[in-house]
Amino acid sequence: MTPFNEQVYSIVEKIPCGNVVSYGQIAWILGRPRGARLVGRAMRYCPEGLPWQRVVKADGSIADGGHPEIRRALLEAEGVPFLPDGRVDMKSCLWNGED
């Protein structure tokens, strides 16, 4: 596991239930504002037990990479609201990165 991946996972584990964060926002928090793809790559190897479903695209779309139906179901179970077009309502549940 790379140090960058470890940093990504340390942020992901802090995302509260019912909230989401974008790949780009994680990159920004880590001081790599153009590193959203790197975050996405790290998330492909996300360790078990982390709330991986809470990381979505900046527009609220659920990434196609891994089990989008499961991600949506997990988010809905947490009370995350969705827009009529199927995207997460980012305005109402975006996590600001603070504990």
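Residues numbered from 1 in each chain as written. Predicted model: local features only at pLDDT ≥ 70, side-chain atom pairs only at ≥ 80, totals over all residues. Heavy atoms only, no water.

A. Layout of the side chain of Ser61. In this structure, Ser61 sits in the loop between β2 (55-56) and α4 (68-77). A polar contact is formed between the side chain of Ser61 and the side chain of Asp59, at a distance of 2.8 Å. Ignoring anything within four residues of it in the chain, the contact list for Ser61 reads Val56 and Arg87. (Helix = DSSP H or I, 4+ residues; strand = E, 2+ residues; numbered from the N terminus. Polar contact = N/O pair within 3.5 Å; in protein donor to acceptor, adjacent residues only side chain to side chain. Contact = heavy atoms within 4.5 Å.)

B. Here's a closer look at helix α1 (residues 3-12). Taken as a whole, α1 has its buried residues at Phe4, Asn5, Val8, Tyr9, Ile11 and Val12. What you see down the axis of α1 is that its buried residues fit within an arc of 160°, all on one side. (Buried < 20%, exposed > 50% of the residue type's maximum accessible area, 1.4 Å probe, protein only. Arc of directions from axis to C-beta.)

C. Highlighting the pattern of salt bridges. Taken as a whole and judged by the stated rule, the model has three salt bridges. Here Arg54 and Glu78 are joined by a salt bridge, their closest N and O atoms 3.0 Å apart. Here Arg54 is found in the loop between α3 (36-43) and β2, whereas its partner Glu78 is found in the loop between α4 and α5 (90-93), with 24 residues between them in sequence. Summarising the burial analysis for this pair, Arg54 and Glu78 share the class buried. (Salt bridge = Lys/Arg side-chain N within 4 Å of Asp/Glu carboxyl O.)

D. Summary view of the nonpolar core. Residues Val8, Tyr9, Val12, Ile26, Val39, Met43 and Val55 are the most contacted members of the largest nonpolar core, which totals 18 residues. At five residues, the largest contribution of residues to this core is made by α1. When residues no more than four places from it in sequence are discounted, the contact partners of Tyr9 are Met1, Ala42, Met43, Tyr45, Cys46, Pro47 and Leu50. Grouped together as the second largest cluster of nonpolar side chains are nine residues, Val56, Ile62, Leu75 and Val80 included. (Core = buried A, V, L, I, M, F, W, Y, C linked by side-chain atoms within 4.5 Å.)

E. Examining the packing of α1 against α3 more closely. Look at α1 against α3: their axes get within 9 Å of each other, and the N-to-C directions meet at 80°. In terms of their interaxial angle, α1 and α3 are classed as roughly perpendicular. Every residue of α3 that contacts α1 at Phe4, Asn5, Val8, Tyr9 and Val12 is listed here: Leu38, Val39, Ala42 and Met43. Residue classes in the contact of α1 with α3 are distributed as eight nonpolar, one polar and no charged. (Axes fitted to C-alpha atoms, helices over the stretch in contact; angles between N-to-C directions. Parallel < 35°, antiparallel > 145°, perpendicular 65-115°, else oblique. Nonpolar A, V, L, I, M, F, W, Y, C, P; charged D, E, K, R; others polar.)

F. Broad picture of the side chain of Asn19. Residue position: Asn19 is located in the loop between α1 and β1 (21-22). Separated by 3.1 Å, the side chain of Asn19 and the backbone oxygen of Cys93 make a polar contact.

G. Structural context of the environment of Ile70. For Ile70, the position within the fold is in helix α4. Put simply, Ile70 and Gln53 are 17 residues apart on the chain and 8.2 Å apart in space, counted from C-alpha to C-alpha.

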